[in-house]
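A look at the structure
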Amino acid sequence: MDLGLAEDHFSRPVGSFVASDIEQLKLAIEECKKLILELPEHSERQKDTVVKLIHLRLKLQELKDPEEDEPNLRVLLEHRFSKEKSKSVKQTCDKCSAIIWGLIQTWYTCTGCYYRCHSKCMNMITKPCVRSKVSHQSEYELSICPEIGLDRQDYRCAECRTPISLRGVPSEARQCDYTGQYYCSTCHWNDTAIVPARVIHNWEFEPRKVCRSSMRYLALMIPRPVLKLKEINPLLFNFVEELVEIRKLRQDILLMKPYFITCKEAMEARLLLQLQDRQHFVENDDMYSLQDLIDISSGRLSCSLTEIHTTFAKHIKLDCERCQAKGFVCELCKEGDILFPFDSHTSVCHECSAVFHRDCYYDNSTTCPRCARMTELLNFRDHNSSFQRQNNIYINQKFAF
């Protein structure tokens, strides 16, 4: 029986193929499958036939999806698709949900949102790049699973508008815990992600099922410091001790920053670059990213930030003479060591930033000597200015006659 197995079906085709070539390969595959069932199990001939069957199927797939000269970069709906060169990694197409066989199929990945698809599926893409949404609207949905009901969606997928129902006919309705809306099985693969609203309101970090677009959006947003906790949920600091600890460390780092930006040794050592992954920590003390909250919950952030805080304090108080020279002496008791505003036993005047022992200053209830001197100096200057103006008027009047 001639199955067409003697031909080199695995070689790259030359020229274009017509439908008859594909039909012949399909017939050869069917005959090969029948022969495998007829041959003795585990025999050498059966093993050879299985290998030939694999070659025939690969050849058929190559004819259905020929590898043409595809461009390395394609732009579509704000996606920037880059042609992938990996042949061994098995991926899933985000458009048709089928497996991408990198060995014989051309496929692309969006460099912005990591959307993957076959080359043949690109013209059918209707979803814009999620990174554009992140760039234009960098904020979270802060309501926990804001469901509006399947009837309000007209029993259709919130994204592709495919008819859906809770009974799974014609397609199963799957709810996204982030948006609260329902999606079809093509737009919702039961992926899981940590939902920001549940973290902020309940300090809950259990991953929930979300749709594909929400999963990508949350993955891109996770390092962005867009959460101002003291405005969204200030009571969270009363129940989560770790948040209070991190806030104090961040406030201390902000007090250390002026020492570093005026210190040659600190700039050469690039001390502030130890926080380059969390740049907002050297800009403010009230903005958090979702990754910050995740790391606070796990304890990783407390350990790393405490270590950085110790390194910074050591440079200012022990290693650098220039930074030590910028310390303060308590003007109320004039005793003790040199004080710095980030020391735990000190108080800082909010008007002039002078530093005192906490026991001496009584949390700003005592008059600040530095402020008193500055006020006296300003009054003296005002008095001199007034006297000078009167003297000038007298001289002008005298010479006017």
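Now for a quick tour of the structure. The model shown is predicted, which means the values in this text are computed figures rather than measured ones. (Residues numbered from 1 in each chain as written. Predicted model: local features only at pLDDT ≥ 70, side-chain atom pairs only at ≥ 80, totals over all residues. Heavy atoms only, no water.)

1. Focus on the overall build of the protein chain
What counts here: To qualify as a helix, a DSSP run of H or I must reach at least 4 residues; to qualify as a strand, a run of E must reach at least 2; elements of each kind are numbered from the N terminus. The method behind every accessible area is Shrake-Rupley, applied with a 1.4 Å probe, and residues are considered shielded solely by the protein chains displayed.
In terms of regular secondary structure, the protein chain is built from 14 helices and 14 strands. Summing over all exposed atoms, the protein chain offers an accessible surface of approximately 24300 Å²; the carbon and sulfur share of this is 51%.

2. A word on helix α11 (residues 300–319)
Under the convention used in this document: For a helix, the expected span equals 1.5 Å multiplied by the number of residues minus one. Pairs of residues are marked as contacts when any of their non-hydrogen atoms sit within 4.5 Å.
Spanning 20 residues, α11 covers 27 Å between terminal C-alpha atoms, matching the ideal 28 Å at 1.5 Å per step. Where the residues of α11 are buried, they touch α8 (241–261), α9 (264–269), α10 (290–298) and α12 (321–324).

3. A few points about the pattern of salt bridges
Here is the rule: Only one rule defines a salt bridge in this text: a Lys or Arg side-chain nitrogen within 4 Å of an Asp or Glu carboxyl oxygen. Only protein chains enter the calculation, and the probe is 1.4 Å; a residue is then buried if its accessible area is under 20% of its type maximum, exposed if over 50%, and partly exposed in between.
All chains considered together, the criterion is met by 19 salt bridges. Here D286 makes a salt bridge to K230, at a shortest N to O gap of 3.6 Å. In this pair, D286 sits in the loop between α9 and β12 (287–288) while K230 sits in helix α6 (residues 229–232), placing the two residues 56 residues apart along the sequence. For K230, a relative accessible area of 47% gives the class partly exposed. Between R300 and D295 there is a salt bridge; the shortest N-O distance is 2.7 Å. Its relative accessible area of 4% is what places D295 among the buried residues. A cluster of three or more residues bridged by salt bridges with shared partners is formed by D94, D191, R212 and R216.

4. Observations regarding the packing of α8 against α11
Just so we agree on the cut-off: Geometry is summarised by axes, namely lines fitted to C-alpha atoms with helices restricted to the contacting stretch, and by angles between N-to-C directions that run from 0 to 180 degrees. Geometric relationships in this document are graded by angle, where less than 35 degrees denotes roughly parallel, more than 145 denotes roughly antiparallel, 65 to 115 denotes roughly perpendicular, and other angles denote oblique. In this scheme the crossing of two helices becomes right-handed for a clockwise turn of the near helix relative to the far one and left-handed for an anticlockwise turn of less than a right angle.
With their axes 10 Å apart at the nearest point, α8 and α11 run at an angle of 30° to one another. If you check the angle between α8 and α11, you find them roughly parallel. Here the hand of the crossing between α8 and α11 comes out left-handed. Of α11, the residues touching α8 (which contributes E245, I246, L249, R250, D252, I253, M256, Y259 and F260) are L301, S302, L305, T306, H309, F312, A313, H315 and I316.

5. Things to note about the layout of surface pockets
Using the following cut-off: A pocket, in this scheme, is an open set of points on a 1 Å grid over the protein atoms alone with protein on both sides within 12 Å along at least 5 of 7 lines, while a cavity is a set where a 1.4 Å probe fits but cannot get out; residues line either one if an atom lies within 4 Å of a point. Grid points are joined across faces, edges and corners, and a volume is the space filled by probe spheres set on the points. Any residue that is not Ala, Val, Leu, Ile, Met, Phe, Trp, Tyr, Cys, Pro, Asp, Glu, Lys or Arg is counted as polar, Gly included; the first ten are nonpolar and the last four charged. These domain limits were set by an automatic method or by a database of domain assignments.
In this model, the largest pocket occupies a volume close to 480 Å³. As for the largest pocket, its lining consists of 21 residues, and the residues nearest its centre are L255, P341, S347, V348 and H350. Counting only elements with at least two residues in the lining of the largest pocket, the list comes to α8 and β13 (346–348). In terms of residue count, the dominant contributor to the lining of the largest pocket is α8 (six residues). In terms of residue class, the lining of the largest pocket is made up of nine nonpolar, six polar and six charged. Residue assignment places the lining of the largest pocket across two domains, with domain 4 (224–326) and domain 5 (329–386) each supplying three or more. For the second largest pocket, the calculated volume is near 380 Å³. Forming the boundary of the second largest pocket are 21 residues, of which V130, K133, S213, S214 and Y217 lie nearest the centre. Among the secondary structure elements, those contributing two or more residues to the lining of the second largest pocket are α3 (130–136) and α5 (212–221).

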